[in-house]
Amino acid sequence: MVRAIRANWIAVACVLFVLVNSIFTAKGFLWFAVMPAVLLVLWGMLAAPERLLLFIAFATPLSINLEELDLGGIGISLPTEPMMVGLMVLFLLKSAMQGNTVDERVWRHPITWIIVAQLVWMAVCIIPSSMPLVSVKFFTARLWFVCTMYFLATRLFAEQRNMQRFAHAFLGGLVIAIGYTLTVHAQYNFEHDPAHWVMWPFFKDHTGYGAVIAFLVPFCIALIAMPGYSRTQRGLLVLVLVVLVLGLIFSYTRAAWLSLVGALGLFLFLRFKVPTWALGLLLAVAGIVYWANADQITIALERNREESSDDLGEHVQSISNISSDASNLERINRWNSALRMWQERPVFGWGPGTYMFQYAPFQASEDRTIISTNFGVQGNAHSEYLGPLSEQGLIGMLLMVALVVVTIVRAMRLYRQLPAGPDRLLLSGAFLGLVTYYIHGALNNFLDTDKVSVPFWALTAMIVLFDVKYMKERAADNSLPEAAR
């Protein structure tokens, strides 16, 4: 009997599970049915944590936030965030018991220093926070995103094929989400107003949805150009790109469209080998010109009366409408509120994650719009730069700017050093994808969500690994005698 059970333990376990689950179901406890999935995930965390990251990449575009489903107000996305919490705990425990579990060259990289400095400063800002519990939850979420999708991802991406696998997995989940969205949207003739919510429950609204699609477009193009793919595989990637473009167009997300234009402009800088200092000079000149002519530019923009609409041409023109477009005006309201919050608490800010709970009193009457609320319950600062300014003071914003600037400088320099081939294609896909979000981050902020944090930190890890790899090769070349080079 015992031998028979041992020989057929899988079948016995399945029968026992069905019986026990039937009892729980009869008593109204339905959550026991997910136990096999939980056990499978736990096994994956222990046996192959890096491989579990690939599943998280696939599941991220399809994850559902429980808060959006009104399930007790729990702001956590299933199934991705519980997995990342588990991986973070394992990573921290292993690091504490076994020492350094990440390549030392990754730890010494300036981008890693900035990321660690962000986490440290965020933890410091919890102490004087206006809402310590909210700040602790915000910090903890950032920690599990960084631990899994940056530090653990550097181990996964040490095998370069996994960079492509990660992108394939994320694109697979994203195509399913876009297909669902387009199917629902088609029932409303792809009109503008339904575009704000047809991606629910996978995405909260069209802005985050458009940001994620724009994020992956450059990487998808890079994959199409990669050598080693069969015609069938390349054809599938072209089909995926078509789906991404359709999803982006019918998302009606102007910031996402603008971010891709900016990424294309930067690609042209790289392609034509324009020096990095020239790009910096151009941006500086543009800033000076705007500063000197701010009043005239504002007057010109206020003459634009084009509203967001079903007409794509009018929708594009409405990007610069700051006189009557409620969405644009509300952004200005949030930005000004963030600046006033910073002026009151310039050093530590109001605490990580607290903007949406604190900004309401800082709205000036002249900034308020038809979609403003007295209680300030409709979102964040609409900026990855002004949000940290209001929540973590000047240092918080400067660290975010430093992360963007250092990543851009290192990636542009690295691109020029790499020979044409797979490495440069992967680098350009990751870098330009990040650039779309650096630009988008001036108008929206989604780094507190798994949808954006997963690709953001993963693609940043890719750039760091390429930089580390070629720094090692450059050091080896420099160590050779001149005659041997």
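Residues numbered from 1 in each chain as written. Predicted model: local features only at pLDDT ≥ 70, side-chain atom pairs only at ≥ 80, totals over all residues. Heavy atoms only, no water.

(A) Representation of the nonpolar core in the model. Tyr150, Phe157, Phe166, Phe456 and Trp457 are the most contacted members of the largest nonpolar core, which totals 120 residues. Once residues lying within four places of it in the same chain are set aside, the contact partners of Trp457 are Ile115, Gln118, Arg142, Phe145, Val146, Met149, Tyr150, Leu403 and Leu447. (Core = buried A, V, L, I, M, F, W, Y, C linked by side-chain atoms within 4.5 Å. Buried < 20%, exposed > 50% of the residue type's maximum accessible area, 1.4 Å probe, protein only. Contact = heavy atoms within 4.5 Å.)

(B) Highlighting empty space enclosed by the protein. Within this structure, the stated rule accounts for 1 cavity of 30 Å³ or more. Considered as a void within the structure, the largest cavity measures approximately 40 Å³ in volume. Lining the largest cavity we find Phe166, Ala167, Phe170, Leu216, Phe219, Pro455, Leu459 and Met462. Elements supplying a minimum of two residues to the lining of the largest cavity: helix H9 (161–186), helix H10 (206–225) and helix H20 (450–479). (1 Å grid on protein atoms, 1.4 Å probe; cavity = no way out; pocket = protein on both sides within 12 Å on 5 of 7 lines; lining within 4 Å. Points joined across faces, edges and corners; volume = space filled by probe spheres on them. Helix = DSSP H or I, 4+ residues; strand = E, 2+ residues; numbered from the N terminus.)

(C) Up close: the layout of surface pockets. The calculated volume of the second largest pocket comes to roughly 590 Å³. Around the second largest pocket, the lining is made up of 20 residues, and of these Leu279, Leu283, Val404, Ile408 and Ile439 lie nearest the centre. When residues of the lining of the second largest pocket are traced back to their parent elements, those giving at least two are helix H12 (254–271), helix H13 (276–292), helix H18 (386–417) and helix H19 (422–440). A per-element tally of the lining of the second largest pocket places H18 first, with 6 residues. Residue composition of the lining of the second largest pocket, grouped by class: 16 nonpolar, 4 polar and no charged. (Nonpolar A, V, L, I, M, F, W, Y, C, P; charged D, E, K, R; others polar.)

(D) Quick peek at the side chain of Asn444. Positionally, Asn444 belongs in the loop between H19 and H20. Looking at Asn444, the relative accessible area reads 1%, which means it is buried. If we skip the residues at most four places from it in the chain, Asn444 touches Thr207, Ala255, Arg331, His382, Ser383, Glu384 and Tyr437.

(E) Structural detail: the environment of Ala167. With respect to the helices and strands, Ala167 occurs in helix H9. Its relative accessible area of 2% is what places Ala167 among the buried residues. For Ala167 and Phe58, which are 109 residues apart along the polypeptide, the C-alpha to C-alpha distance reads 8.8 Å. Non-local contacts of Ala167, meaning those with residues more than four positions away in its chain, are made with Phe219 and Leu223.

(F) Examining the packing of H10 against helix H11 (residues 231–249) more closely. At a minimum axis separation of 9 Å, H10 and H11 run at an interaxial angle of 155°. Judged on the interaxial angle alone, H11 and H10 are roughly antiparallel. Here the hand of the crossing between H10 and H11 comes out left-handed. Within the contact between the two elements, H10 uses Tyr209, Gly210, Ile213, Ala214, Leu216, Val217, Cys220, Ile221, Leu223, Ile224 and Ala225 and H11 uses Arg234, Leu237, Val238, Val240, Leu241, Leu244, Gly247 and Leu248. (Axes fitted to C-alpha atoms, helices over the stretch in contact; angles between N-to-C directions. Parallel < 35°, antiparallel > 145°, perpendicular 65-115°, else oblique. Left-handed = near helix turned anticlockwise from the far one by under 90°.)

(G) Representation of H12. Look at H12: 26 Å from first C-alpha to last across 18 residues, which is about the 26 Å you get at 1.5 Å a residue. Listed in full, the buried residues belonging to H12 are Arg254, Ala255, Ala256, Trp257, Ser259, Ala263, Leu266, Phe269 and Leu270. Note on H12: the residue one or two positions beyond its end, Lys273, has a positive phi of about 55°. (Expected span 1.5 Å × (residues − 1).)

(H) A look at the packing of helix H4 (residues 49–59) against helix H8 (residues 132–156). Close contact between H4 and H8 brings their axes to 9 Å; oriented N to C, the two are set at 120°. Comparing their axes, H8 and H4 come out oblique. In the crossing of H4 with H8, the sense of the turn from one axis to the other is left-handed. Contact with H4, carried on its side by Glu50, Leu53, Leu54 and Ile56, involves Thr148, Met149, Leu152, Ala153, Arg155 and Leu156 of H8 and no other residues of that element. Class assignment of the residues belonging to the contact of H4 with H8 gives a composition of 7 nonpolar, 1 polar and 2 charged.

(I) Highlighting the pattern of salt bridges. For the structure on display, the rule yields 9 salt bridges. With its nearest N and O atoms 3.9 Å apart, the salt bridge here joins Glu159 to Arg165. Judged by its relative accessible area of 30%, Glu159 is partly exposed. With a relative accessible area of 31%, Arg165 lands in the partly exposed category. In this structure, Asp423 and Lys469 form a salt bridge, with 2.9 Å as the shortest nitrogen-oxygen distance. Note that Asp423 is positioned in helix H19 and Lys469 in helix H20, a separation of 46 residues in sequence. Its relative accessible area of 11% is what places Asp423 among the buried residues. (Salt bridge = Lys/Arg side-chain N within 4 Å of Asp/Glu carboxyl O.)

(J) Layout of the confidence of the model for the protein. Taken over all residues, the pLDDT of the protein has a mean of 84, while the share at 70 or more is 78%. Per-element confidence in the protein is highest for helix H7 (residues 110–126), whose mean pLDDT is 98, and lowest for helix H14 (residues 294–302), whose mean pLDDT is 51. (pLDDT = per-residue confidence, 0-100.)

(K) Expanded view of unusual backbone geometry. Of note, the amide linkage connecting Leu78 to Pro79 takes the cis form, showing an omega dihedral of 5°. Relative to the helices and strands, Pro79 is located in the loop between strand E2 (77–78) and helix H5 (80–98). Residues Trp200 and Pro201 are joined by a peptide bond in cis, for which omega reads 10°. Positive phi, close to 60°, is recorded for Asn189, a residue that is not glycine.

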